[in-house]
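# Residue-level structure breakdown
Here is what each chain is made of, one letter per residue.
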Amino acid sequence: MYREGEEMNPNKEDSLNEDFFLTTKNEKTTKEEILDENFKNVKGLKEKKSEDKKTIMKKPFLKSGIILVIVAVICLGIIYAPWAYVKCDSDYEDGKVDKFIFKNCDEDDIGYDNESQKIINIFESNNCSNSSCNYVGLTFDDFSNTPKITFYGFSFLALLGLIFIIFQLIERKHSFSVERFTIVHSIFSTVTIIVSTFLFVLIIKFFGIYFLLYYNDPFLTTKNIVFVSPVAVTLLFTLAAIIKVTFSIMKINCIELEKNLNTNEPKNPFFIYKGGSKL
Amino acid sequence: MKKVLTDKVGKLTAWIMFLSIIGLAFTSILPWISVTETTPVEGELFFNLEMMEKSHNEDIINLSEKINLIDTSFFLVLIFSILSYLSFIIYRSRTCSSFAQLMIIVGGCAIIILSVLIIFSNFNFIKTVEDIEGISASYMFTSIKYAYMPLIVGVGLLISSVSYTGIVVFYSIRYFRDQLKQKKSTQKTSEPEKISKKTTEKDEENITKTMLLKEDLRKKSTEHLTSECTEIEDWLKDELQNIESPTKNIKEQMEKEEEETKEETKEKEEDE
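Residues numbered from 1 in each chain as written. Chains lettered and ligands numbered in written order. Predicted model: local features only at pLDDT ≥ 70, side-chain atom pairs only at ≥ 80, totals over all residues. Heavy atoms only, no water.

## Observations concerning the overall build of chain B
Test applied: What counts as a helix is a DSSP run of H or I of at least four residues, what counts as a strand is a run of E of at least two, and both are numbered from the N terminus. Contacts between residues were defined by any pair of non-hydrogen atoms, one from each residue, lying within 4.5 Å. Note that accessible areas follow from Shrake-Rupley with a 1.4 Å probe, and for residues the cover is restricted to the protein chains shown.
Within chain B one finds 6 helices and 3 strands. Its helices and strands taken in sequence order, chain B reads α-β-β-α-α-α-β-α-α from the N to the C terminus. Taking all contacts inside chain B whose residues are at least 6 apart in sequence as the whole, residues at least 24 apart take part in 70%. Carbon and sulfur atoms provide 60% of the accessible area of chain B, an area that totals close to 16800 Å².

Dropping the structure here:
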């Protein structure tokens, strides 16, 4: 290490020590650099995982379930409003018959006087033809059966919304995968659309009366009939809105899933439901 | 390309849904037939589906059953369109893609069959109405009949369902082809994939390994340093000894010389 006969100075002692370190340093630095890089990478991965967990905690609560429950409850209240308002001419001077028809209404509820008989004749005529006694396509049974089925239908929709809210609360604790959550959300949406369409088709027959009032006018003994069904109109528009919004939610879910698959970004529900799909 | 495909499928499904709902509305609203009546009033009595179902005439009841078939077909089209769109979403999520794809194809085919059934039963209805005496298909104007309205909707459904199924089938064929290609590629590059799968498990192992290696390195470096230091100390001691030894000899010689001189002086003094 040192040449023989070489004299030792206090300054040279330090330089010798430095030489000794230099030989080992090159080996050490390469090893330590590699090790440090690996260490940093692993640490970075761990930090990323912890960040992802933080974003999941920020996940928003989807309002579609709550909105569905609110709308269904409002519609359940609307069912108790008058289903039809009928107005027609009376035989008496300046006399006009106007009646509100509520749900579960039948002939007994309308009355047995001459004026009420005119309204009964609109729905079920006493002077029957060979083929039918009903000339407008609606009977008093429709005012009892349709509200009943509509009541069950909207109750089911409210229940569906509640189940979805409960599912979301469970999901917050267990944190399912985004795909699973989207599928469950879409299944709920599908059931909602089917039930809403069924109710839509059930209620739309209240509009068929306008065609038949025009065409079958000669057969009707009561003249100048005005028929308005505010409940049917309100429920129809509400159901159409529910169908449209639910389908658009399904569409947005599909597009967001597509985006997630294409970008290969970290899959967290906060990213999925950004924009308008928070419904 | 994929986004365009999703948009197309979404649009077609929306169209199918819209047409089926319109068809359902038409079947329950429109007056399908008109019957010439003599009592109580002479004239034509118009019938919609509700009226036909509650009629006393057997021919009219039979006709209502045909319209009911159209009605249920429209409703089934709606259900199948929503289910196929749901399966499309499931397929996009890649949870059970093969089952979802099968459902999409089945849904598309079912919609085609049902729309064909709607058109066929509509034609059949118009024909049977013409055959029965006293009953005719009710008309909007002199030439156009109300019964043609659901027929037009059925034709629209058929066109949109054919295009929907065509896109879906084309996409599924491409998907299966891609899968086959992927399988071949995975067979070739199976080893690197295995390594990539194990990376997550190795992350934690790497941490412990790096920690152990660092500790080892520190220990080795300290040992190495201590050993080198002892060597230096020994060398310095030797060198010091080497430096100290000649001085001692000189001192001894000097002392000897001094002693000798002292002795000589003493002898001289004694002699004198």
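## Considerations on the state of the cysteines
Cysteine pairs can be covalently joined through their sulfur atoms, and such a bond is termed a disulfide. Residues and elements named next belong to chain A. As a reminder of what qualifies: By disulfide we mean two sulfur atoms from cysteines, separated by a distance within 2.5 Å. Residue exposure (1.4 Å probe, protein chains only): buried if accessible area is under 20% of the type maximum, exposed if over 50%, otherwise partly exposed.
Scanning the entire structure with this criterion turns up 1 disulfide over all chains. Disulfide pairing places Cys128 opposite Cys133 at an S-S distance of 1.8 Å. Around the S-S axis, the bridge from Cys128 to Cys133 shows a dihedral of about 110 degrees and counts as right-handed. For Cys128, a relative accessible area of 30% corresponds to the partly exposed category. On the basis of relative accessible area, Cys133 is assigned to the partly exposed category, the value being 22%.

## Comments concerning the interface of chain A and chain B
What counts here: Note: buried area is the sum, over both parts, of the accessible area (probe 1.4 Å) each one loses when the two are combined. One speaks of a salt bridge when a side-chain nitrogen belonging to Lys or Arg is within 4 Å of a carboxyl oxygen belonging to Asp or Glu.
The interface of chain A with chain B comprises 62 residues on the first partner and 67 residues on the second. Here chain A meets chain B over a buried area of about 5700 Å², counting both sides, of which 74% is carbon and sulfur. The largest per-residue losses of area from chain A upon contact with chain B belong to A:Ser131, A:Tyr215 and A:Phe219, which jointly make up 11% of the total buried on that side. Linking chain A with chain B are 2 salt bridges, by the criterion used here.

## Some remarks on helix α7 (residues 205-215) of chain A
Think of an α-helix as turning once every 3.6 residues; residues three or four places apart then point the same way. Basically, it comes down to this: To be clear, the arc concerns the directions from the helix axis to the C-beta atoms.
Taken residue by residue, α7(A) has A:Lys205, A:Phe206, A:Gly208, A:Ile209, A:Leu212, A:Leu213 and A:Tyr215 as its buried positions. Across the axial projection of α7(A), the buried residues extend over an arc of 160 degrees, all falling on one side.

## Overview of the nonpolar core
Inclusion rule: Remark: nonpolar core denotes a set of buried residues (Ala, Val, Leu, Ile, Met, Phe, Trp, Tyr, Cys) joined through side-chain atoms within 4.5 Å.
Counting residues in each nonpolar core, the largest one holds 106 residues, and the members touching the most others are A:Phe123, A:Phe154, A:Phe227, B:Ile33 and B:Phe125. Residue contributions to this core peak at 16 residues, all from helix α3 (residues 58-93) of chain B. Setting aside chain neighbours within four positions, we find B:Phe125 in contact with B:Trp32, B:Ile33, B:Met52, B:Leu63, B:Lys66, B:Ile67 and B:Ala147. One finds A:Leu160, A:Phe167, A:Phe188 and A:Ile242 within the second-largest nonpolar core, a separate group that totals 8 residues.

## As for the pattern of salt bridges
Applying the stated rule across the entire model yields 5 salt bridges over all chains. B:Lys54 serves as the salt-bridge partner of A:Asp142, at 3.5 Å between the closest nitrogen and oxygen. Of this pair, A:Asp142 sits in helix α5 (residues 142-174) while B:Lys54 sits in the loop between α2 (49-53) and α3, each in a different chain. Residue B:Lys54 is classed as partly exposed on the basis of its relative accessible area, which comes to 33%. Each member of the salt-bridge network shares a partner with another, and the members are A:Asp142, A:Lys205, B:Glu50 and B:Lys54.

## Topic: the pairing of strand β1 (residues 84-89) of chain A
As a reminder of what qualifies: One requirement defines pairing of two strands: DSSP has to find at least two bridges between them.
Across 6 bridges, the pairing between β1(A) and strand β2 (residues 96-101) of chain A is antiparallel. Opposite A:Asp89, over in β2(A), you have A:Lys96 as the bridge partner.

## Details of the packing of α3(B) against helix α4 (residues 97-131) of chain B
Residues and elements named next belong to chain B. Convention followed: Axes here refer to lines fitted to C-alpha atoms; in helices the fit is confined to the stretch in contact. Angles between the N-to-C directions go from 0 to 180 degrees. Just so you know how the angles are binned, under 35 degrees is roughly parallel, over 145 roughly antiparallel, 65 to 115 roughly perpendicular, and the rest oblique. Left-handed describes a crossing whose near helix is turned anticlockwise from the far helix through less than a right angle; right-handed describes the clockwise counterpart. Each residue gets one of three labels, nonpolar for Ala, Val, Leu, Ile, Met, Phe, Trp, Tyr, Cys and Pro, charged for Asp, Glu, Lys and Arg, and polar for the others, Gly among them.
One can describe the packing of α3 onto α4 by two numbers: an axis separation of 8 Å at closest approach and a directional angle of 160 degrees. Our classification of the angle between α3 and α4 gives roughly antiparallel. Taken as a pair, α3 and α4 cross one another with a handedness that is left-handed. Grouping the amino acids of the contact of α3 with α4 by side-chain chemistry returns 21 nonpolar, 11 polar and 1 charged.

## Description of the environment of B:Leu12
All names here are of chain B. Within the secondary structure layout, Leu12 lies in helix α1 (residues 2-29). Relative accessible area serves as the criterion here: at 15%, Leu12 is assigned to the buried category. Placed 145 residues apart in sequence, Leu12 and Leu157 show a C-alpha to C-alpha distance of 9.7 Å. Beyond its immediate sequence surroundings of up to four residues, Leu12 is in contact with Ser160, Ser163, Tyr164 and Ile167.

## With respect to the sheet that holds strand β3 (residues 226-228) of chain A
All names here are of chain A. Ordered in space as β2-β1-β3, the 3 strands form an open sheet in which the pairing is antiparallel. Each edge of the open sheet is held by one strand with a lone partner, namely β2 and β3. On average, each strand axis in the sheet is inclined to that of its neighbour by 10 degrees, with strand direction left out of account. Contacts from helix α4 (residues 114-123) reach β1, β2 and β3, with the element oriented near 60 degrees to β2.

## Quick look at a positive patch on the surface
Put simply, the test is: The patch calculation keeps residues exceeding 30% relative accessible area without a salt bridge and links them within 9 Å when they carry like charges or within 5 Å when they are nonpolar (Val, Leu, Ile, Met, Phe, Trp, Tyr). Within this scheme the basic residues Lys and Arg register as positive and the acidic residues Asp and Glu register as negative, but His and the chain ends are omitted. To locate a charge, take NZ of a lysine, CZ of an arginine, CG of an aspartate or CD of a glutamate.
Side chains of B:Arg174, B:Arg177, B:Lys181, B:Lys184 and B:Lys188 sit close together on the surface and give a patch of like positive charge. In this structure B:Lys181 comes out as exposed when scored by relative accessible area, which is 55%.

## Topic: a nonpolar patch on the surface
Residue and element names in this part refer to chain A. Judged by side-chain polarity, Ile66, Ile70 and Ile74 come together as a nonpolar surface patch covering roughly 250 Å² of accessible area. Considering the arrangement of structural elements, one finds Ile66 in helix α2 (residues 64-78). Residue Ile66 is classed as partly exposed on the basis of its relative accessible area of 33%.

## Some remarks on the confidence of the model for chain B
Any segment with low pLDDT has predicted coordinates that should not be analysed in fine detail. Threshold: A residue's pLDDT is the predictor's confidence in that residue, given on a scale from 0 to 100.
Here chain B averages 83 in pLDDT, while 92% of its residues score no lower than 70. Put simply, helix α6 (residues 190-271) of chain B is where chain B has its lowest mean pLDDT, 76, and α3(B) is where it has its highest, 90.

## Quick word on the sheet that holds strand β2 (residues 43-47) of chain B
All names here are of chain B. The strand order β2-β1-β3 describes an open sheet built from 3 strands, whose pairing is antiparallel. Of all the strands in the sheet, the pair left with one neighbour each is β2 and β3 (135-137). Between one strand axis and the next, the sheet turns through 30 degrees on average, direction left out of account. Of the pairings in the sheet, the one linking strand β1 (residues 33-37) to β3 comprises 3 bridges and is antiparallel in character. Bridged to Ser34 within β3 is Ser136.

## Quick look at the packing of aromatic side chains
Residues and elements named next belong to chain A. Quick note on the threshold: The criterion for an aromatic pair is that two Phe, Tyr or Trp rings (for Trp, the six-membered ring) have centres within 6.5 Å, with stacked assigned to planes under 30 degrees apart, edge-to-face to planes over 60 apart and tilted to the rest. The rule is short: NZ of Lys or CZ of Arg within 6 Å of the ring centre and within 35 degrees of the ring normal puts a charge over the ring.
All chains considered together, the criterion is met by 26 aromatic pairs over all chains. Through a chain of ring-to-ring contacts, three or more aromatic side chains come together here, namely Trp83, Phe123, Phe140, Phe143, Phe206, Phe207, Tyr210 and Phe227. Sitting over the face of the ring of Phe151, Lys103 holds its NZ or CZ atom 5.8 Å from the ring centroid.

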